[in-house]
Amino acid sequence: MNKDAMKNLDKCRVLGVLDDGATSLSQAALTHLAQAQLVIGGTRTLELLAEHIAPQAEQRDLTGVMSQVPEWIRAALDEGLRVVVLATGDPLCHGIAAYLASRLCVEVIEVLPNVSTLQLACARLCLPWQDMRFVSVHSRDAGEWVAGSPPSHGLYGLLRELRQHDRLAVLTSPANSPDRIARMLVTEGLDKDWEMAVAERLCQPQERVVSGFSIEAATRMSFAELNVVLLWRNTLRASPVLFGLPDASFAQRHPEKGLITKNEVRAVSLARLQLRQNSVVWDIGAGSGSVGLEAARLCTQGHVYAIEKNADDCANVLQNRRALGISNHSLVHGKAPDGLADWADPDAVFIGGSGGELAALIGLVLQRLRPGGWLVMNFVTLENMATAVEAVKQLAANWDVLQLQASRSQPILHMHRMAAENPVWIVCAQAGYASITSEFVATHV
């Protein structure tokens, strides 16, 4: 549709509505509603404003069919009809208006906002909201929160924001309710760090604001489905070291010097992974988890998927993850490549252990890596290093090898000497232009 045609169309008005119905609407909004020939809204908002919709106007319930709404609007405007969409609160604050604007020309949409229910909840408790983080947990029900849940879980984004902010206002859903949020805080060991309040049925006669209870108590409480959760810290948020943690800060197995990627090697390996804030990272052969957990700290908007076959090492990874307060990290107890098919395609992959199927694993990783992504591998034996180099050469990958030899000072009598750590080969590769096939992976298993 060209611009001249759009000028001749009446706009679709998106009206923000509160739960006191017509009382919350301006005179301009009420006029648009009364003159509308097509009114689109959820079941509750349509019922709330039924008396103010013209008898001859067509009403359509968008519940469960949101994807059809843009086409409804487009077709109605083409017919010259006056269209109103009823939304809740501020339609541009976790509301339908942004969705419509991304699928229709913005020139044919006019938003008449209302006060957000998040603002109302803050007002009820006299909490300034200019520095609050607004979060919505409206999503498909993924069940109770389990530590290490992937980004697909409906509470994942909220937990990420809890790690990074001091005050949050949360739009809940019937599934992701205040008591479930409280249980997530307990699971992550954050229940003593936060205060919670719940504002129910705002702008309705049954309105209730509940506060002054512990997070632990909230895990057993019930609330009305229409509610907003406010969360604020009662302890100072730590500002942790993001990179280069000392080896001793990680729980690890100690057959000799400890099964951990040493600090110096870890720092170079993380640098070669070329991480970004939103990177998806694979940590294969996680060991103590040191590389993957530091990567998770650097990729605050991303996620780390880790796998480790040794049960004792898995226990250490979980202990380290909790001690470091990391939530964007998932761990599988198993042997790669089992389970990798379920992971999101990576931007970076670290291999610290291969379980004897190194060549096939390299082929699979380079097949799955996103464009520009890096595979970084650590080896302490010539044989494994040679296998890795041969594999990346056969796959026509862009590759290089770095030998890293570090020595650390140690006391000897009243003086100090340098004690050498084992040399480590760091093999780095990017997928080349040659096709990496499943046949290569299969023939190297």
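Placed above this text is the structure.
Trainee: Requested: an account of the packing of helix α13 (residues 358-368) against helix α14 (residues 382-394), with residues and values cited.
Mentor: In contact at an axis separation of 9 Å, α13 and α14 are set at 40 degrees when each is read in the N-to-C sense. Viewed along their axes, α13 and α14 adopt a mutual orientation that is oblique. The handedness of the crossing between α13 and α14 is right-handed. Side by side, α13 and α14 meet where Leu-358, Ala-359 and Ile-362 of the first sit next to Asn-384, Thr-387, Ala-388, Ala-391 and Val-392 of the second. Class assignment of the residues belonging to the contact of α13 with α14 gives a composition of six nonpolar, two polar and no charged.

Trainee: Summarise the sheet that holds strand β7 (residues 167-171); cite the residues concerned and give the values.
Mentor: Spatially, five strands are ordered β6-β7-β10-β8-β9 in an open sheet, and the strand pairing comes out mixed. The open sheet has two edge strands, β6 (133-136) and β9 (208-213), and neither has a second partner. With direction set aside, neighbouring strand axes in the sheet form an average angle of 20 degrees. Of the strand pairs in this sheet, strand β8 (residues 194-200) and β9 are connected by four bridges, and their pairing is antiparallel. Note on β9: the bridge partner recorded for Val-198 is Val-210. Across the sheet, helix α6 (residues 117-124) is in contact with β6, β7, β8, β9 and β10 (227-233); its angle to β10 comes to roughly 60 degrees. Across the sheet, helix α7 (residues 156-164) is in contact with β6, β7, β8 and β10; its angle to β7 comes to roughly 165 degrees.

Trainee: Tell me about the sheet that holds strand β11 (residues 280-284), and please be specific about residues and values.
Mentor: Within the open sheet, the seven strands sit side by side as β13-β12-β11-β14-β15-β19-β16. Their pairing is mixed. Both edges of this open sheet fall to β13 (329-333) and β16 (398-404), since each of them pairs with a single strand only. Going from strand to strand, the sheet's axes swing by 15 degrees on average, the running direction of each strand aside. Two strands pair when backbone bridges link them, and strand β12 (residues 303-308) and β13 are joined in this way by five bridges, in the parallel orientation. What sits directly across from Ile-307, in β13, is Val-332. Lying over the sheet, α14 contacts β15 (374-379), β16 and β19 (424-430), oriented at roughly 160 degrees with respect to β15.

Trainee: Go over helix α11 (residues 290-298), please, and point to the residues and values.
Mentor: Within α11, eight of the nine residues are buried, leaving the element largely enclosed by the surrounding structure. Restricting attention to buried positions, one finds in α11 the residues Ser-290, Val-291, Gly-292, Leu-293, Glu-294, Ala-295, Ala-296 and Arg-297. Where the residues of α11 are buried, they touch α10 (263-272), β11, β12, α12 (311-324), β13 and β14 (348-351).

Trainee: Explain a nonpolar patch on the surface to me, and be specific about the residues and the numbers.
Mentor: On the surface, a nonpolar cluster with roughly 340 Å² of combined accessible area is contributed by Ile-412, Leu-413 and Met-415. With respect to the element layout, Met-415 can be found in strand β18 (residues 415-420).

Trainee: Outline the packing of aromatic side chains, listing residues and values.
Mentor: On inspection of all chains with the given rule, the structure shows four aromatic pairs. Measuring from ring centre to ring centre gives 5.5 Å for Tyr-305 and Trp-343, while their planes differ by 25 degrees; the resulting arrangement is stacked. Here Tyr-305 is found in strand β12, whereas its partner Trp-343 is found in the loop between β13 and β14, with 38 residues between them in sequence. Side by side, Tyr-305 and Trp-343 carry an identical accessibility label, which is buried. For Arg-60, the ring lying beneath its charged end belongs to Trp-72, and the centroid distance is 5.2 Å. The ring of Trp-374 has Arg-272 lying over it, and the distance from NZ or CZ to the ring centre is 5.3 Å.

Trainee: Could you give me a rundown of the nonpolar core, with the residues and numbers involved?
Mentor: By size, the foremost hydrophobic cluster in this structure holds 31 residues, and its most contacted members are Trp-282, Ile-284, Leu-340, Val-349, Ile-362, Leu-375 and Met-377. Broken down by secondary-structure element, the contributors of at least two residues to this core are β11, β12, β14, α13, β15, α14 and β19. It is α13 that provides the largest number of residues to this core, a total of seven residues. Val-137, Met-196, Val-198 and Ile-215 belong to the second-largest nonpolar core, a separate cluster that totals 25 residues.

Trainee: Before we move on, can you summarise the state of the cysteines with the specific residues and values?
Mentor: For the structure on display, the rule yields zero disulfides. Cys-93 carries a free sulfur, and the closest cysteine sulfur to it, the one in Cys-122, is 10 Å from it. With a relative accessible area of 16%, Cys-93 lands in the buried category.

Each value, and the rule that gives it
Residues numbered from 1 in each chain as written. Predicted model: local features only at pLDDT ≥ 70, side-chain atom pairs only at ≥ 80, totals over all residues. Heavy atoms only, no water. Axes fitted to C-alpha atoms, helices over the stretch in contact; angles between N-to-C directions. Helix = DSSP H or I, 4+ residues; strand = E, 2+ residues; numbered from the N terminus. Parallel < 35°, antiparallel > 145°, perpendicular 65-115°, else oblique. Left-handed = near helix turned anticlockwise from the far one by under 90°. Contact = heavy atoms within 4.5 Å. Nonpolar A, V, L, I, M, F, W, Y, C, P; charged D, E, K, R; others polar. Pairing = 2+ DSSP bridges. Buried < 20%, exposed > 50% of the residue type's maximum accessible area, 1.4 Å probe, protein only. Patch = residues over 30% accessible without salt bridge, like charges linked within 9 Å, V, L, I, M, F, W, Y side chains within 5 Å. Areas by Shrake-Rupley, 256 points an atom, 1.4 Å probe, with all protein chains shown as cover. Salt bridge = Lys/Arg side-chain N within 4 Å of Asp/Glu carboxyl O. Phe/Tyr/Trp six-rings, centres within 6.5 Å; stacked < 30°, edge-to-face > 60°. Lys NZ or Arg CZ within 6 Å of the ring centre and 35° of its normal. Core = buried A, V, L, I, M, F, W, Y, C linked by side-chain atoms within 4.5 Å. Disulfide = S-S within 2.5 Å.

Read these as geometric descriptors, not functional statements.
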